[in-house]
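# Overview (structure and organization)
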Amino acid sequence: MATKDLTFEQAIEKLEEIVSKLEEGDVPLEKAIEYYQEGMNLSKLCSEKLNRVQDKMVQIMNEQGELEPFDIQEDSSS
């Protein structure tokens, strides 16, 4: 299954597995770099999925005449 085909839950699970492997410390450098890269891709995927859900929730709330359900605060340090 391609990374983009994963559900949010599957991506989080794979990300947790990668973190666990890297925390063990017994991973050769080349493999650690592969895990890190895969982890970053999974992290990006999860972030994108969360952003889409958040946008959808705001749209739904606005359609219902409700206030936006989230207090969105941008990280000013970026």
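This text follows the structure it describes.
Figured I'd write up the structure that's included with this text. (Residues numbered from 1 in each chain as written. Predicted model: local features only at pLDDT ≥ 70, side-chain atom pairs only at ≥ 80, totals over all residues. Heavy atoms only, no water.)

## A few points about the pattern of salt bridges
Our working definition: What counts as a salt bridge is simple: a side-chain nitrogen of Lys or Arg found within 4 Å of a carboxyl oxygen of Asp or Glu. Numbering of helices and strands runs from the N terminus, with a helix taken as a DSSP run of H or I at least four residues long and a strand as a DSSP run of E at least two residues long. The cut-offs for exposure are 20% and 50% of the maximum accessible area for each residue type, with area from a 1.4 Å probe on protein chains only; residues under the lower value are buried, those over the upper are exposed, and the others partly exposed.
Under the definition given, this model contains 2 salt bridges. Note that Glu 34 and Lys 31 form a salt bridge whose closest N and O atoms lie 3.5 Å from each other. Of this pair, Glu 34 and Lys 31 both sit in helix α2 (residues 29–63), 3 residues apart, which is roughly one turn of the helix. With relative accessibility at 35%, the residue Lys 31 sits in the partly exposed group.

## Regarding the packing of helix α1 (residues 8–24) against α2
Heads up, the condition is: Angles shown run from 0 to 180 degrees and are taken between the N-to-C directions of axes, each axis being a line fitted to C-alpha atoms and, for helices, limited to the stretch in contact. An angle counts as roughly parallel when it lies under 35 degrees, as roughly antiparallel when it exceeds 145, as roughly perpendicular when it falls between 65 and 115, and as oblique in every other case. With the far helix as reference, a near helix turned anticlockwise by less than a right angle produces a left-handed crossing, and one turned clockwise produces a right-handed crossing. Throughout, a residue-residue contact means that at least one pair of heavy atoms, one from each residue, lies within 4.5 Å. Any residue that is not Ala, Val, Leu, Ile, Met, Phe, Trp, Tyr, Cys, Pro, Asp, Glu, Lys or Arg is counted as polar, Gly included; the first ten are nonpolar and the last four charged.
Close contact between α1 and α2 brings their axes to 9 Å; oriented N to C, the two are set at 150°. By the criterion of interaxial angle, the relationship of α1 to α2 is roughly antiparallel. For the crossing formed where α1 meets α2, the hand is left-handed. Judged by residue contacts, Phe 8, Ala 11, Ile 12, Lys 14, Leu 15, Ile 18, Lys 21 and Leu 22 of α1 engage Ala 32, Tyr 35, Tyr 36, Glu 38, Gly 39, Leu 42, Ser 43, Leu 45, Cys 46, Lys 49 and Leu 50 from α2. Classifying every residue of the contact of α1 with α2 by side-chain character gives 13 nonpolar, 2 polar and 4 charged.

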